[in-house]
Amino acid sequence: MKSLYSALQLKRLLTLKELGVEYIDSIEEFKEPELTLPDNLDMLKKVMDSCHMCQLSKSRTNIVFGEGSLNSKIMFVGEAPNSNEDNVGKVFMGRSGELLTKMIENVLHIPKESVYITNIIKCLPLNKKAPTSSEILSCKPYLQKQIDIIKPKIIVALGATAYSYLTNDNTPIERIRGNILNFNTTRIITTYHPNYLLRNPSAKKETFADMLKIKDFLETI
Ligand code: URA
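Moving on to the pairing of strand β3 (residues 116–119). By the alternation rule, side chains of β3 split into Tyr116 and Thr118 and Ile117 and Asn119, which are all buried. Examined bridge by bridge, strand β1 (residues 67–68) and β3 share two bridges and lie antiparallel to one another. The residue bridging Glu67 from the neighbouring strand is Ile117, located in β3.

Here we take up empty space enclosed by the protein. Enumeration over the complete set of coordinates arrives at two cavities of 30 Å³ or more. Cys51, Cys54, Arg60, Cys123 and Cys139 are the residues nearest the centre of the largest cavity, which is lined by 15 residues in total. Mapped onto the lining of the largest cavity, the elements with two or more residues apiece are α3 (56–59) and α6 (133–150). Per-element accounting of the lining of the largest cavity gives the leading share, four residues, to α6. Of the residues assigned to the lining of the largest cavity, the class counts are 10 nonpolar, two polar and three charged. When its volume is computed, the second largest cavity comes out at roughly 40 Å³.

Next up on the list: the state of the cysteines. For the coordinates displayed, the defined rule picks out zero disulfides. Counting only cysteine sulfurs, Cys139 is the nearest neighbor of Cys51, a cysteine outside any disulfide, at a range of 6.6 Å. A residue is classified by how much of its surface remains accessible, and Cys51, at 11% relative accessible area, is buried. Considering cysteine sulfurs only, Cys139 is the nearest to Cys123, which forms no disulfide, with 6.0 Å between them.

Scoring rules and cut-offs
Residues numbered from 1 in each chain as written. Predicted model: local features only at pLDDT ≥ 70, side-chain atom pairs only at ≥ 80, totals over all residues. Heavy atoms only, no water. Buried < 20%, exposed > 50% of the residue type's maximum accessible area, 1.4 Å probe, protein only. Helix = DSSP H or I, 4+ residues; strand = E, 2+ residues; numbered from the N terminus. Pairing = 2+ DSSP bridges. 1 Å grid on protein atoms, 1.4 Å probe; cavity = no way out; pocket = protein on both sides within 12 Å on 5 of 7 lines; lining within 4 Å. Points joined across faces, edges and corners; volume = space filled by probe spheres on them. Nonpolar A, V, L, I, M, F, W, Y, C, P; charged D, E, K, R; others polar. Disulfide = S-S within 2.5 Å.

Written as C-alpha cells, this is what we have:
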C-alpha cells in the first residue's frame, strides 16, 4: 500500500521538521512496514477514528467518513466537512447538502441513501482554510480504499479540487466539466460543487445537464 506508506513518510518528515530538524541525508531508514487498510467500511472507519496522520486530527471533533450504500454504482466526492459536519460526523449537511440531495433525487431519480457520498478530506480544515497538500496526501489512502471497497461504476467529483486531487490532473473545470472520463477501473465526471451553485445559481443548468448525462450512463450499465 504505497500511498499509505508515502503519507506515513511525510508525517515522519513533518514531525522531524516540527522538532527543528532541517536536513536529513536520506529517508532510507524508514523501512516500508506492513501497511494495509481493512477491506470493510466499518473497520476502515475504526482505523480512521484513531488517525493522526496530519495536524487536522488535533482539532477535529469527529471524522466525517462518508455515508450511503455499499452497493452504490455512483460515488459523489466533495471537498471537506464544515464545522457543523465536524460536530455531527456527517457529510453534506445544511444548504449544500439539501442541494446535493435535490440533484440526486430530482434528476437521477434515485434515493440519496442508495448512492455513496464522501469527501477528499475527512477532518475539518483549520480556520476555514483550504486543506494543504500534505493533509490531502495523508487522507488519500482512505478515499482510495473507500473506492476500492465500493467499486462505483462512476465517481462524481464535486468541483475542481475533488477532480484534481483524485486524478492529479489540473485541467481547468471549464474544460473537463460534464465529460465522462476513464479513471483507473472506473469513470469520473466533474460537475460544479453545490457550494459554488449556491453562490452562482446560473450554473445550475450546466449541473442539471451533467446529472442527466450521469442518469443516461447509469441506465446503460
Ligand atoms: N460538506 C461536505 O461534506 N463536503 C463539502 O465539500 C462541502 C460541505
